[in-house]
Every structure is written in C-alpha cells, then in structure tokens.
Amino acid sequence: MWRKAGPEVRAAATTRALVQRLAYGGLVVAAALLMLIGKIETVLVEEMRARVGDAVAPLLGAISRPIATVKRVGEQVDELVSLRLESERLRDDNARLLMWQALAQRYEVENRRLRDLLNLVPDPAASFVTAPVIGDTGGPFLRNLLLGAGARDGVQRLNVVMSGQGVVGRILQVGERSARVLLLTDLNSRIPVLVGGGGERAVLAGDNTDQPQLFYLTSEAEIAVGDRVVTSGLGGVFPAYLPVGVVTRVTGRTARIQPYVDGRRLTYVRVVDYRIVPPPEAGPR
Amino acid sequence: MDTVFLRWAEVSARHATPVVLAFLIVLFGTLPWPLPAAVPKPAILILAAVYYWVLHRPELFRPLAVFFLGLVQDLLSGGALGLNAFVLLLVHEAVRTQRKTLANKPFFVLWGAFAVIAAGAAIVTWICGSLYYVQLLWPETVIVQYLFSVALYPAVAWCMMRVNLAILRPA
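All figures in this text were calculated on a predicted structure; none of them were measured in a lab.

Conventions we followed
- Residues numbered from 1 in each chain as written.
- Chains lettered and ligands numbered in written order.
- Predicted model: local features only at pLDDT ≥ 70, side-chain atom pairs only at ≥ 80, totals over all residues.
- Heavy atoms only, no water.
- Helix = DSSP H or I, 4+ residues; strand = E, 2+ residues; numbered from the N terminus.
- Rg over C-alpha atoms; globule rule 2.2 N^0.38 Å.
- Contact = heavy atoms within 4.5 Å.
- Areas by Shrake-Rupley, 256 points an atom, 1.4 Å probe, with all protein chains shown as cover.
- Lys, Arg positive; Asp, Glu negative; His and termini not counted.
- Charge placed at Lys NZ, Arg CZ, Asp CG, Glu CD.
- Buried area = accessible area lost by both parts, 1.4 Å probe.
- Salt bridge = Lys/Arg side-chain N within 4 Å of Asp/Glu carboxyl O.
- Phe/Tyr/Trp six-rings, centres within 6.5 Å; stacked < 30°, edge-to-face > 60°.
- Buried < 20%, exposed > 50% of the residue type's maximum accessible area, 1.4 Å probe, protein only.
- Lys NZ or Arg CZ within 6 Å of the ring centre and 35° of its normal.
- Polar contact = N/O pair within 3.5 Å; in protein donor to acceptor, adjacent residues only side chain to side chain.
- Patch = residues over 30% accessible without salt bridge, like charges linked within 9 Å, V, L, I, M, F, W, Y side chains within 5 Å.
- Pairing = 2+ DSSP bridges.
- Axes fitted to C-alpha atoms, helices over the stretch in contact; angles between N-to-C directions.
- 1 Å grid on protein atoms, 1.4 Å probe; cavity = no way out; pocket = protein on both sides within 12 Å on 5 of 7 lines; lining within 4 Å.
- Points joined across faces, edges and corners; volume = space filled by probe spheres on them.
- Nonpolar A, V, L, I, M, F, W, Y, C, P; charged D, E, K, R; others polar.
- Parallel < 35°, antiparallel > 145°, perpendicular 65-115°, else oblique.
- Left-handed = near helix turned anticlockwise from the far one by under 90°.

Outline the overall build of chain A, listing residues and values.
For chain A, the count of helices and strands is three helices and twelve strands. Over its C-alpha atoms chain A spans a radius of gyration of 26 Å, topping by over 25% the 19 Å that the globule rule assigns to 285 residues. In terms of overall dimensions, chain A has C-alpha extents of about 100 × 60 × 45 Å along its principal axes. Looking at chain A alone, contacts between residues at least 24 apart form 57% of all its contacts between residues at least 6 apart. Carbon together with sulfur atoms contributes 59% to the accessible area of chain A, which is approximately 17,600 Å² in total. The averaged location of the 29 negative side-chain charges in chain A is 8 Å from the averaged location of its 36 positive side-chain charges.

Any details on the interface of chain B and chain A? Residues and values, ideally.
Listed as interface residues are 47 residues of chain B and, on the opposing side, 46 residues of chain A. Of the roughly 4,300 Å² buried at the junction of chain B and chain A (both faces included), carbon and sulfur atoms supply 68%. Summed over the three residues of chain B that lose the most area to chain A, namely Pro32, Lys41 and Leu81 of chain B, the buried surface amounts to 16% of that side. Counting across the chain B and chain A interface gives one salt bridge.

Any details on the pattern of salt bridges? Residues and values, ideally.
Residues and elements named next belong to chain A. Counted according to the given criterion, the structure contains 13 salt bridges over all chains. Among the salt bridges present, the one from glutamate 46 reaches arginine 157, with a minimum N-O distance of 4.0 Å. In this pair, glutamate 46 sits in helix 2 (residues 42-81) while arginine 157 sits in the loop between strand 2 (144-147) and strand 3 (160-162), placing the two residues 111 residues apart along the sequence. The closest approach of N and O atoms between arginine 112 and glutamate 108, which form a salt bridge, is 3.7 Å. Of this pair, arginine 112 and glutamate 108 both sit in helix 3 (residues 83-118), four residues apart, roughly one helical turn.

Run through the packing of aromatic side chains, naming residues and quoting values.
Overall, the coordinates contain eleven aromatic pairs over all chains when judged by the stated rule. The interplanar angle of 35° and the centroid separation of 5.9 Å between the aromatic rings of phenylalanine 5 of chain B and tryptophan 8 of chain B together place this pair among those described as tilted. A residue pair is termed a helical-turn pair when its members lie 3 or 4 positions apart in one helix, as phenylalanine 5 of chain B and tryptophan 8 of chain B do in helix 1 (residues 2-29) at three residues. Residue class for phenylalanine 5 of chain B comes out partly exposed when judged on its relative accessible area of 47%. The ring of tyrosine 132 of chain B has lysine 39 of chain A sitting right over it, with the charged end atom 4.8 Å from the ring centre. In this structure, arginine 270 of chain A packs its charged tip against the face of phenylalanine 128 of chain A, placed 5.4 Å from the ring centre.

If you had to explain the environment of methionine 160 of chain B to someone new, which residues and values would you point to?
Residues and elements named next belong to chain B. With respect to the element layout, methionine 160 can be found in helix 6 (residues 140-168). Since its relative accessible area comes to 4%, methionine 160 is described here as buried. Remark: the alpha-carbon pair of methionine 160 and threonine 141, spanning 19 residues in sequence, is separated by 26 Å. Ignoring sequence-local partners within four residues, the contact set of methionine 160 consists of Leu21, Ile25, Ala49, Tyr52 and Trp53.

Tell me about the side chain of serine 232 of chain A, residues and numbers included.
Residues and elements named next belong to chain A. Within the secondary structure, serine 232 is located in the loop between strand 9 (228-231) and strand 10 (243-251). According to the relative accessible area criterion, serine 232 is buried, its value standing at 14%. A polar side-chain atom of serine 232 sits 3.2 Å from the main-chain amide nitrogen of leucine 234. Serine 232 has contacts with Pro192, Val193, Leu194 and Ala240, leaving out every residue within four places of it along the chain.

Run through a nonpolar patch on the surface, naming residues and quoting values.
All names here are of chain A. On the surface, Val29, Leu33, Leu36, Ile37, Ile40 and Leu44 cluster together into a nonpolar patch covering about 570 Å² of accessible area. Per element, the largest residue contribution to the nonpolar patch is five residues, and it comes from helix 1 (residues 7-40). As for its position among the elements, isoleucine 40 is in helix 1.

Can you tell me about the sheet that holds strand 10 of chain A, naming the residues and giving the values?
Residues and elements named next belong to chain A. Taken in spatial order, the six strands of this closed barrel run 6-7-8-11-10-9, and their pairing is antiparallel. With strand direction ignored, the average angle separating the axes of adjacent strands in the sheet is 45°. Note that strand 6 (residues 190-195) and strand 9 share three bridges and pair antiparallel. Residue pairing across strands places valine 193 opposite threonine 231, the latter belonging to strand 9.

Lay out the layout of surface pockets with the relevant residues and their values.
Roughly 490 Å³ of internal volume is contained in the largest pocket. The wall of the largest pocket is formed by 17 residues, among which Gln20 and Arg21 of chain A together with Arg62, His92 and Arg96 of chain B lie closest to the centre. Of all the secondary-structure elements, those providing two or more residues to the lining of the largest pocket are helix 1 of chain A together with helix 3 (63-77) and helix 4 (83-102) of chain B. Counting residues per element, the lining of the largest pocket draws most heavily on helix 1 of chain A, which supplies six residues. Across the lining of the largest pocket, the residue classes break down as eight nonpolar, two polar and seven charged.

Please set out the packing of helix 4 of chain B against helix 5 (residues 107-132) of chain B residue by residue, giving values where relevant.
Residue and element names in this part refer to chain B. Helix 5 packs onto helix 4 with a crossing angle of 150° between their chain directions and a minimal axis gap of 10 Å. One finds that helix 4 runs roughly antiparallel with respect to helix 5. Here helix 4 runs over helix 5; the crossing is right-handed. Residues Leu83, Phe86, Val87, Leu90, Val91, Ala94, Val95 and Leu102 of helix 4 lie in contact with helix 5, whose contacting residues are Val109, Leu110, Ala113, Ile117, Ala121, Val124, Thr125 and Cys128. When its residues are assigned to classes, the contact of helix 4 with helix 5 shows 15 nonpolar, one polar and no charged.

Give a description of the sheet that holds strand 5 (residues 179-183) of chain A that names residues and reports values.
Residues and elements named next belong to chain A. Spatial ordering of the closed barrel is given by 1-2-5-4-3-12, a layout of six strands whose pairing is antiparallel. Averaged over neighbouring strand pairs, the angle between their axes works out to 45° when direction is ignored. Relative to strand 5, strand 2 is paired through four bridges, and the arrangement is antiparallel. What sits directly across from leucine 146, in strand 5, is arginine 180.

Structure follows, in structure tokens:
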C-alpha cells in the first residue's frame, strides 16, 4: 500500500530536480559558449567539422547513391517526355554553336599571335577531381555541400568547384575523405566578377537567397537584364572568365543574378585546381 | 542471468528508440534529396520530433540528448556551432513546462502549441544567426522553414505515435 512520501523522499526529489535544473542550465550555457568559441576559434571548429564530415562520409556516400539513381531516373523520364522539343532545340543550338566555333577558332589564332607578341606567361595547366555530392548540408543561414572526396583524393582548400554549366563555389574545408563546398549563394561567398560585354567590375555576394547580389557597380556602369556574369580573376581564388550566371534584375547600383548552376540539384561536381598562386597576405610591415 | 541481460538490452533498445530516430532524421535530413530549391532540408523535422517526444515521453528524451542532436546537426551543417543545440534546448524547456497544460488536449491544440513554440524557435534562430554573422539576415529562409515544419507536424507526429505505440508500449 502507498503511503504519503516522507520528508527524506521529498528532500531527495527536490535535490534531484535541482540537479536536473543545474544540468539543463549548464547545457544551455555550453551551447551559447560553443557559439562564441566557434566565432573566435574558427580553426579548431573547422577541424572538428572536417572530422565529423570524414566520419559520416562513408555512410552518407552509401545512402546517397540510390538517391542519385532516383535523380538520374527522374531526369531520364523528363528527357524522354521532351525528346522531340529537345532535339529541335539541339539542332538550333548546333547551328548557332557551329557559328561560334568558327569565331572561336579565329579568336584562338588571333589570341596566340597576340600572346606571342606580348611574351605572355601562360596560365599553369589545371587538374581536376570528380567528386560525388553526398550531403546537401547547411541550415537557414548557409548554403553548403558535402563532397565524398577529400585530401587523399587531391582536394585542396580554395579549389574551385564547377559543374558542366559553370561555377558552383569553392572548397571551404577539407577532411581526409570529405570536403565542404561554399556555394555562390552562401552568405559568406564573395566573388570578384565581370558583368556584361563591357566587363564592368563588381563583387558577387551571396545572401542565402537563390539569386546572389552584385555590389560595387560603378555609377556609370551599364548593365542590363540578361548580361552574362563571369569571374574576374581578381582576389586569387578563381581564375578569370569562368561562367557564373545571368543578370535577372537591376535596381540602382545593385543587381541580382541567376547562377547557371543550381547547387541543390547536383550529383557530381568537378573540383578544379587551377594552381593559382594566392596573392601575398596584406598586413602591417 | 542471460534472460535478465536480454530483458535489460531489450528495454534499453526500446528506450533509446526516440533518440535514435531523431538522430536518423538529422543524418538522413542532410542527404542531397532531389527537392526543389524552395523546399527546406528534411533535417528541419527534428523540431517536430523533439516536440513530440518531450511532450509524450520526456523521460526518454533528456536535455543531454537534445543537446547532442543539435550539436550533430550544427557540425554536419557547417553553420554556427551550438546554434541548433541552443534552440532545441529552449524548445525542450518550453515543452516541458507546458506539458501539464497540454495533457489530454485534442490534436489540434497540440498542433497549435507546436506552431507557437516553433515560431519562438524560428525567432530565436534568426536573432542568434544575425548576432553570429553580425548582420541582419534575410528572415525569408527561416520563415519558409517554419511554415514547412508546422505543415509537416501532423505527419511527423503520426509516425512518432506509431513508433510510440509499437515499440515503447509492447502488448
């Protein structure tokens, strides 16, 4: 039969509740402290992230394979449905591209002649690694991808990540067998670019929306919707003239662009090492 | 001895189920699912899962588990370390304190309460994110995530209820 709890039992219950409250408070403080540490000790936190990425890479890699297959099947069905239209479009494209090819060949010859005239140092040859996308990570404030290739595959920090159509982003962090990509659309992404045929200089800044913004356009910059945006090669991360996207909206001295690549629809990407020598760190002498 | 051990292992496995399930939501939620860009990552369902379990089986979903789930999510996502852990802990506390009020209430009330708590979580996430990145962030993604998690709550709650009935209260 149950009796009313004695004073000892009540005291024990109170103590337990108190300990639980303290433990809870400790965890909240720990979470807040972690945010602070993450802000200050970025190297340590990045190292931890790389470790966690490496730990889950084999598992995520294995599970993401069937998803990639489903994606591919979906794409194939789409292709089948639109086969007729697609072939018409391709014929048109082909005719147009042949024209461009002729033009490109002419420019190539001209370019080589001009380079010879100027004694220009050629760009070092690029090498690349093809890596599977195993995680579409990122929270509300960031746009990241996790790749199933890391340092042992030759991926390095600041390597450029490309897909068939254009720039995806750059490598932010490298683990042994995983790497994290900072997408163009991420809040922390800043890429020096050239806009339109006039080659207006601007900085492409991600803000976690699907259409990143162009900043620092000069007041006399003439840009219009539909202008192509390519990397400018300044800043020493991206080489010049990699396709980035198209201007979709112009408002005053800022504009928004639609990147050629939707970072969330990728199965494989190319991680390219353009062997760019980073500029010397600017600092106090 | 063997039967005692087996019984213990079985009970432990049953009791660990909610946390393991939540962990799987976080892990599978980060896979590259072929979703349209406007749809948030499935990892956001963790909020609904935490709400459900703390409401119905708080003894199986302790703050420490919530902390680690948030931390794993933070480490995987590459976002502010500790942010999700912090928000989920606050959600845990909010649900824990409202348990008695919400006991034996119809589903729609529970859903409404989730909408309120998730709104609080979204606001805290946005404020902490803005402080962390030292700029006013676009609240758009947080709002979209909020709407999705509220809309998907019934589905998550239904799945968790099946698990609760099937695994945790065997016949």
